Structure formats: C-alpha cells, structure tokens
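So the chains spell out like this:
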Amino acid sequence: MNYLSNKLKKIEIKVMKNEMSVTELHPANKGLKGTIKVPGDKSISHRAIMFGAIANGVTIVRNFLQGADCRSTIECFRKLGVKIEESIDEIRIYGTGFDGLIEPVDILDVGNSGTTTRLILGLLAGRPFHTVIIGDESIAKRPMHRVTQPLQEMGAIIQGRNQGNYTPLSIVGGQLKPIQYEMPVASAQVKSALLLAALQIDGETTIIEPVSTRDHTERMIKQFGGKIKLEQHTIKITGKQELHGAKIDVPGDISSAAFFMVAAALINNSEVVLENVGLNPTRIGIIEVLKEMGGDIHIEENCDQTYEPVGNITVKTSNLKGIEIGGDLIPRLIDELPIIALLATQAEGTTIIKNAEELKVKETNRIDTVVKELKTLGADIEATNDGMIIKGKVQLNGGHVHSHGDHRIGMMLGIASLISKDTVHLEGTDAINVSYPTFFEDLHQLLATK
Ligand code: S3P
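Parameters at a glance
- Residues numbered from 1 in each chain as written.
- Predicted model: local features only at pLDDT ≥ 70, side-chain atom pairs only at ≥ 80, totals over all residues.
- Heavy atoms only, no water.
- Near = heavy atom within 4 Å.
- Polar contact = N/O pair within 3.5 Å; in protein donor to acceptor, adjacent residues only side chain to side chain.
- Areas by Shrake-Rupley, 256 points an atom, 1.4 Å probe, with all protein chains shown as cover.
- Helix = DSSP H or I, 4+ residues; strand = E, 2+ residues; numbered from the N terminus.
- Buried < 20%, exposed > 50% of the residue type's maximum accessible area, 1.4 Å probe, protein only.
- UniProt positions renumbered as here; feature names shortened; annotations may be inferred.
- Contact = heavy atoms within 4.5 Å.

Student: Now, about the site of the ligand: what can you tell me, with residues and values included?
Tutor: Within the structure, the ligand sits among S43, R47, T115, R118, A186, S187, A188, Q189, R214, I334, D335 and K362. S43 places a side-chain nitrogen or oxygen 2.7 Å from an oxygen atom of the ligand. For the ligand, an oxygen atom lies 2.7 Å from a polar atom in the side chain of K362. Protein contacts shield 95% of the accessible area of the ligand, which totals 380 Å² for the unbound molecule.

Here's what the structure looks like:
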C-alpha cells in the first residue's frame, strides 16, 4: 500500500464535543531517497524578528520559518508598533529601537510558543508600559517563574497565575538594574530573556549558565553590531548599545531535519541529503548520537558560513546499537529526544536517556507522551524520573496514536508509522504546523523519489 495512498488521507471522527482530525498513515514500502531543504530554524527565526524590531534601521530575513510559533512572534511585534512587511522570499522589519516600541492596545497572544513568551517578557521588562500576554492551553501549563523571578529581581513588575508562574501574565517594565544571575536550569530561553532585558540597562549584567545551551542570541547580538563577552559558562553584557538592522539568512532547522535523519537511518534502502542545515555546535547533539549509535551519517560543512555554521547532512540506512545519553549533551539535543526515543526502539540493546527532566515542561510532558504513544505502537519503553529506558530492536505495530497537540510528538509518530507493521491513525496532526507546516509534503517527496 502506498504511504498515505499517494495523498494525505484524512478521516474526520468526533471525539467528545470537538472535531478532531485523524490522519491515516501507512508503512513505507520503499526507502527514502533524495534531497530536501527543511524549513528555517525556529529559534533563529524568532530572534531575527525580535532583534530586527529592537535594532535601528531595516532588517531583511530570508528563509524565515512560516510556522505558527514564528507567526505568533510577528503578530506580537506588530502589536508593539513594529512595521513588518512580508513577501514570498523575505521579511522586512523596520526597526524602532527599544524606545520606539509602543504600549499595545490589545493583549499579545503567543499561541503555543514558549520562545515567544519567555523572550518577549525579557524585552518588555525594560519597557515603561503595560502588556498582557496570553497563549494556548499548553502555554498556560508551562513554568514562567524561571524568567519572571530574575526579571522581577531586575525591577520589572510581573503578575500572573500562581504568583507569576503561568499565563495570563501582565508586565509593567521600566528602569532595570543590572544583576549577576546564576541560572538554576539550563535554558536558552531564560538566558535570552535576560540578555534582552540587559540590553536596556545602564551597566553590566552577568549571566552564568549551569551548562552551555543554544547560543543563537549571543551570535545575533554580534550580527546586529552589539558587543557581548563570552567566557565558558559566563556571559557579560553592557546595555544601551546601539544595534543596527542586519541581513539574516536563516539556516534550515536541525530539529526538523532530525525527523528525516532518523527516518533514513531506520528504513531500508534509504539515502537522504538534507541541505543547508544549521550546524551550530550547541544544536548538533543529534548528529553525535547518531554517530555513536553506529549511524551512517556524513556532514559537509559549508565554508562560506557567516554567523551560524551551515552544511549538508547525508544519512543512509544504518545498523544501530543502544547507548546512554545524558549530561551536558542534553541541552544540545533536547528537542530531538522524542525522535531519538523512536530511533532507540530500532537499535540493538538498551538506550538510556537521563538528566532530561526538562522534557516534562515542553509543549507536553514529553517523557509521558513519548512513552505512552510509543507503547501503544508496541515499543519496549519505560519512563524514569529524568528520562526513559528503551530496549530494541522491536517491530512496531499499527494503532491509534495522539500528538497531544505537540508538534514534535506528531512528527515522531509520523515517522514511526513508516516502520510500523500496520496502519497508524494519528490524531491531532495539525499540531505539526507549529514548526514544520510542509512536513508531510517533504516526506512524500522523499518517498516518491526513485
Ligand atoms: C529554545 C530553547 C529550548 C528549546 C526550545 C527553543 C530557544 O528551550 O527546547 O524549543 O529558541 O531558545 P529551553 O531554553 O527552555 O531549554
């Protein structure tokens, strides 16, 4: 049977009072072949809009990710008075500088986007006006104390449910004071929020990370002409610098490429080339894991790279073995852990994922959702306090699974269906639009190439 019977086949079923879409997915009957360019990096796309807004002059962004999360960022900045023009191949942001941002007359809706919520809080902490932030059901469960507490320490007034931990949140910013902050959790979102606040303060702010996390904000500050001091896990930044509009070519998102890297490794007769993927060292944990598991993976770095390294990744069908994944590696592959869990179900032996408690506070509790859905398909997988234990190799069955409204769970299950014995019915496919609206088209292309 052809995957998706040559086109997306949707069955509408009724679940309780809500209409939920269910996609019927069939096992792959051939290998994945060909070359694709995955969409732009989500983290960098968000930051390009934000820095474009707070810089002076025009910023031009190419290969911007047109996913729901980054669209939320655009809409929030429009409400803050920033002119943003969109054409097919670029976004133009007419920077207002921090001082040109205006008090929004409407609430800011961040949708499903944790990055928008946390980074915008940092930015608004230094703005002398009132803003209300809301998001969807998933955002309402995500902890915000990790940013609101240090921002309050700097001087921002933030209120929200559970003493400022959950949305809806309201913030009145103003004159902030520099702090020295030792971050209790390894989070690029927290670090970036504090950097955006610090850029508005007279004097030097110091941020100390427990472990290195993605450094796109630090790189972008430099790209916009700013200065930042980086030393191991310590970051120092002085505020009131002038940032200038820049040209940003967003590299392909390695977190999106990861789904096809894993699919190619798992399906017989596959060879997939993923072009122009971001290879920032703080993001390439998935490549290291695939290599250590015995994956047939080849990286060709593009030497013309500017502020963010990019290159092509080739993955072929591989024989894999289980490994242990933990420690400093976790922040460098945190978003790839759902698809790595699927990979591990097809590796000989045991894979242990540890030190990954942060998975519990993502778009869903990803320890619970990954374990539940992969178990439904017959995987040998157990949740632990800080990760999962997965035993392979196990032939997956078909079944009825759910994205739980989490884009990465949806895509992981989409790839799982390719290696399952029988049909998989995936409920909540729409969630995938958050980061990869063309996921099924790209998958279809790789399945259709001879
Ligand atoms: C992101 C950082 C990570 C990641 C998220 C995007 C970012 O979250 O999981 O998808 O753009 O800074 P944390 O910073 O909470 O680790």
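Student: Can you tell me about unusual backbone geometry, naming the residues and giving the values?
Tutor: In this chain, T167 is followed by P168 through a cis amide linkage whose omega measures -5°. Relative to the elements of secondary structure, P168 occurs in strand β10 (residues 166-172). Here the phi dihedral of N63 falls at roughly 60°; this positive angle occurs in a residue that is not glycine. Inspection of the secondary structure puts N63 in the loop between β4 (56-62) and α2 (68-79). For N269, which is not glycine, the phi torsion reads 60° and is therefore positive. Among the structural elements, N269 can be located in the loop between α8 (254-266) and β16 (271-278). For N269, a relative accessible area of 59% gives the class exposed.

Student: Before we move on, can you summarise the UniProt feature "binding site: phosphoenolpyruvate" (unreviewed entry) in the chain with the specific residues and values?
Tutor: Listed under "binding site: phosphoenolpyruvate" (unreviewed entry) in the UniProt record, and renumbered for this structure, are K42, G114, R142, Q189, R366 and R408. Relative to the assigned elements, R366 resides in helix α11 (residues 366-376). You can call R366 buried: its relative accessible area is 0%. Here R366 is in contact with D335, P338, L359, K360, M388, D406, H407, R408 and I409, once residues within four sequence places are set aside. Following the sequence through the fold, R408 ends up in helix α12 (residues 407-418). A relative accessible area of 2% means that R408 is categorised as buried. Residues within four places of R408 in sequence aside, it is in contact with K42, S255, F259, D335, P338, R366 and S435.

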